[in-house]
Protein chains: 2
Amino acid sequence: MTTSHRSPRRSERSRRAILDAARDLVVEHGYAKVGIEAIATRAGVGKQTIYRWWPSKGAVVFEAVRALSEDSDGEITLPDTGDLEADLKLVLRATAAEFADPAFDALIRGLTTEMAHDRELAAAYEEHTAALEDAKRQRLRSGQRAGQLSPDADLDLVLELLYAPLFRRWLLRTGPLTADFADRLVEAALRAFAPAAEVSAP
Amino acid sequence: MTTSHRSPRRSERSRRAILDAARDLVVEHGYAKVGIEAIATRAGVGKQTIYRWWPSKGAVVFEAVRALSEDSDGEITLPDTGDLEADLKLVLRATAAEFADPAFDALIRGLTTEMAHDRELAAAYEEHTAALEDAKRQRLRSGQRAGQLSPDADLDLVLELLYAPLFRRWLLRTGPLTADFADRLVEAALRAFAPAAEVSAP
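Residues numbered from 1 in each chain as written. Chains lettered and ligands numbered in written order. Predicted model: local features only at pLDDT ≥ 70, side-chain atom pairs only at ≥ 80, totals over all residues. Heavy atoms only, no water.

Colleague: Any chance you could explain the overall build of chain A here in plain terms?
Modeller: Within chain A, the regular secondary structure consists of 9 helices and 0 strands. Overall, the C-alpha framework of chain A stretches about 75 × 45 × 25 Å when taken along its three principal axes. In chain A, buried positions account for 44% of the 202 residues. The contacts of chain A with a sequence gap of at least 6 include a subset with a gap of at least 24, amounting to 64%. (Helix = DSSP H or I, 4+ residues; strand = E, 2+ residues; numbered from the N terminus. Buried < 20%, exposed > 50% of the residue type's maximum accessible area, 1.4 Å probe, protein only. Contact = heavy atoms within 4.5 Å.)

Colleague: What am I meant to see in the relation of the copies chain A and chain B here?
Modeller: Copy one and copy two of the chain differ by a rotation about a common axis and a shift along it. Rotating chain A by 180° and moving it 0.0 Å along the rotation axis overlays it on chain B with an RMSD of 0.0 Å. Read as a symmetry element, the transformation amounts to a two-fold axis. Every residue of chain A has its C-alpha some distance from the rotation axis, and the shortest such distance is that of A192 of chain A, at 2.1 Å. A symmetric contact is evident, with 100% of the interface residues of chain A recurring at the interface of chain B. (Least-squares fit on C-alpha atoms with pLDDT ≥ 70 in both.)

Colleague: How should I be thinking about the domain arrangement of chain A in this particular structure?
Modeller: Interfaces are often sized by the accessible area lost when the parts come together. Residue and element names in this part refer to chain A. Under the domain assignment, chain A is made up of domain 1 (6–67) and domain 2 (73–194). Once you take the C-alpha centre of each, domain 1 and domain 2 turn out to be 26 Å apart. Counting residues at the interface gives 12 residues for domain 1 and 13 residues for domain 2. In this assembly, domain 1 packs against domain 2 so that about 1,100 Å² is buried in total across both faces, 82% of it on carbon and sulfur atoms. Together, Y31, F62 and V65 form the three largest contributors to the area buried by domain 1 at its contact with domain 2, with a combined 51%. (Domains from an automatic or database assignment. Buried area = accessible area lost by both parts, 1.4 Å probe.)

Colleague: I tried to follow the environment of R141 of chain B on my own but got confused; where do I start?
Modeller: Residue and element names in this part refer to chain B. Within the secondary structure, R141 is located in helix α7 (residues 119–145). By relative accessible area, which is 39% here, R141 ends up partly exposed. Taking the C-alpha atoms as reference points, R141 and L84, separated by 57 residues in sequence, lie 10.0 Å from one another.

Colleague: What is the right way to look at the packing of helix α8 (residues 155–172) of chain A against helix α8 (residues 155–172) of chain B in this model?
Modeller: Running from amino to carboxyl end, α8 of chain A crosses α8 of chain B at an angle of 75°, the nearest separation of the two axes being 8 Å. As summarised for this structure, α8 of chain A and α8 of chain B are arranged roughly perpendicular, according to the angle between their axes. Across from E160, L161, A164, P165, F167, R168, R169, L171 and L172 of chain A in α8 of chain A, the residues of α8 of chain B making contact are E160, L161, A164, P165, F167, R168, R169, L171 and L172 of chain B. (Axes fitted to C-alpha atoms, helices over the stretch in contact; angles between N-to-C directions. Parallel < 35°, antiparallel > 145°, perpendicular 65-115°, else oblique.)

Colleague: How should I be thinking about the packing of helix α4 (residues 57–67) of chain A against helix α7 (residues 119–145) of chain A in this particular structure?
Modeller: Two quantities define a packed helix pair, namely the angle between the helix axes and the distance between the axes. All names here are of chain A. It is at 10 Å that the axes of α4 and α7 come closest, and there the two elements cross at 10°. When the interaxial angle is binned, α4 and α7 end up roughly parallel. Together, G58, A59, F62 and R66 of α4 and L121, A124, Y125 and H128 of α7 make up the contact between the two elements. Partitioning the contact of α4 with α7 into residue classes produces 5 nonpolar, 2 polar and 1 charged. (Nonpolar A, V, L, I, M, F, W, Y, C, P; charged D, E, K, R; others polar.)

Colleague: Please explain the side chain of K136 of chain B as it appears in this structure.
Modeller: Relative to the helices and strands, K136 of chain B is located in helix α7. The residues touching K136 of chain B, leaving out its near neighbours within four places in the chain, are L78, L159 and Y163 of chain B.

Colleague: Just checking my understanding: could you explain the environment of R66 of chain A for this structure?
Modeller: Its place among the elements puts R66 of chain A in helix α4. The spatial distance from the C-alpha of R66 of chain A to the C-alpha of H128 of chain A is 7.3 Å, given a sequence separation of 62 residues.

Colleague: In this structure, what is going on with unusual backbone geometry? I would like to understand it.
Modeller: Trans peptide bonds make up the majority, and among non-glycine residues the majority have a negative phi. Residue and element names in this part refer to chain A. Positive phi, close to 55°, is recorded for R173, a residue that is not glycine. Looking at where R173 falls in the secondary structure, it is placed in the loop between α8 and α9 (179–192). For R173, a relative accessible area of 61% translates into the label exposed.

Colleague: So what exactly am I meant to see when it comes to the pattern of salt bridges here?
Modeller: Opposite charge on two side chains lets them pair, provided their charged atoms get close. Per the stated rule, a full pass over the model turns up 36 salt bridges over all chains. Taking the shortest distance from any N to any O, the salt bridge between E12 of chain A and R15 of chain A comes out at 3.4 Å. A residue pair is termed a helical-turn pair when its members lie 3 or 4 positions apart in one helix, as E12 of chain A and R15 of chain A do in helix α1 (residues 8–29) at 3 residues. The exposure class of E12 of chain A is partly exposed, given its relative accessible area of 36%. Here E85 of chain B makes a salt bridge to K89 of chain B, at a shortest N to O gap of 2.9 Å. Of the two residues, E85 of chain B and K89 of chain B are both situated in helix α5 (residues 84–100); the distance of 4 residues between them amounts to about one turn of the helix. For E85 of chain B, a relative accessible area of 33% puts it in the partly exposed group. (Salt bridge = Lys/Arg side-chain N within 4 Å of Asp/Glu carboxyl O.)

Structure, rendered in structure tokens:
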């Protein structure tokens, strides 16, 4: 039940336009140089519209980043085709490509700096990261049920083996973020936690 | 052939005293608050002695860090008892303990900040890191020769699986840096690159 004079559809269109504008502007000019004013102009809305929905520039930009990993219902889910290796490769290749993309890089480095002095933003980011981790853990658990991962695999450790090397290469620029690297990480992590081979009785 | 009036032994003693003083002071007061003057006073030498050997405070502190991983000949080598798993656990436990130690943490975070605007220091650190990586790769190669690691294991990938999760936990404070975590990383990496089981002919 909405009491707003705007239709939900028109609101959603404005919201999208604002997030797209925020993302594009940060990519073009860098986080520090973009203001709410510029985002409003680019999105074709008034500043008040932005402030009605978000308390700060950091909050808008953060939501622009979060929107990248949500489906149309605002849910985070990982693909589950029944083939854990294929699904993880898809996801890790996408993560590697994101990290390797200068546009994404500009967004994340800008946000990271902002989080250092914006506790609310840091908390929101933390929450988003936790939701992402949950979705990943769920996909691993389903693989475990399908017998593609050892029943006593430590799923958090599997996630660290998959993501920490990507993260380190990105942060320290110690190696290329390629689909091949993503594939080799998935293969190594799955070998490390493969279910024990069936042993037939003598 | 030394033309100095100091004996090499006395020089070495001063060098040690300076490095210890630099390390202790940074740990006690933080990198930014420690000057060459204070290091000289604590080490019981003149400022000129320090400047004769090092161009800057960053260089002294960096050498203090480097000294932690060198043996008495200034060489970096990893233990090689013939048991790759045991040796790696020893090394990774030590790394985890170092990362978990607030003193080491203060040293490294101070240096990292300094490197952002001291290219010479950054280059020296890079070189040190490369030497460390070489030593680690050598140990893995010897394990490979001993049949404890698959002959076609990608040793750089093995190192990333071992160290990236430690690094990420340290940087982002996402988990405890314990001996148990170190052990589980070593076990996972070795399982991922275990030599193929011997298959007997039918």
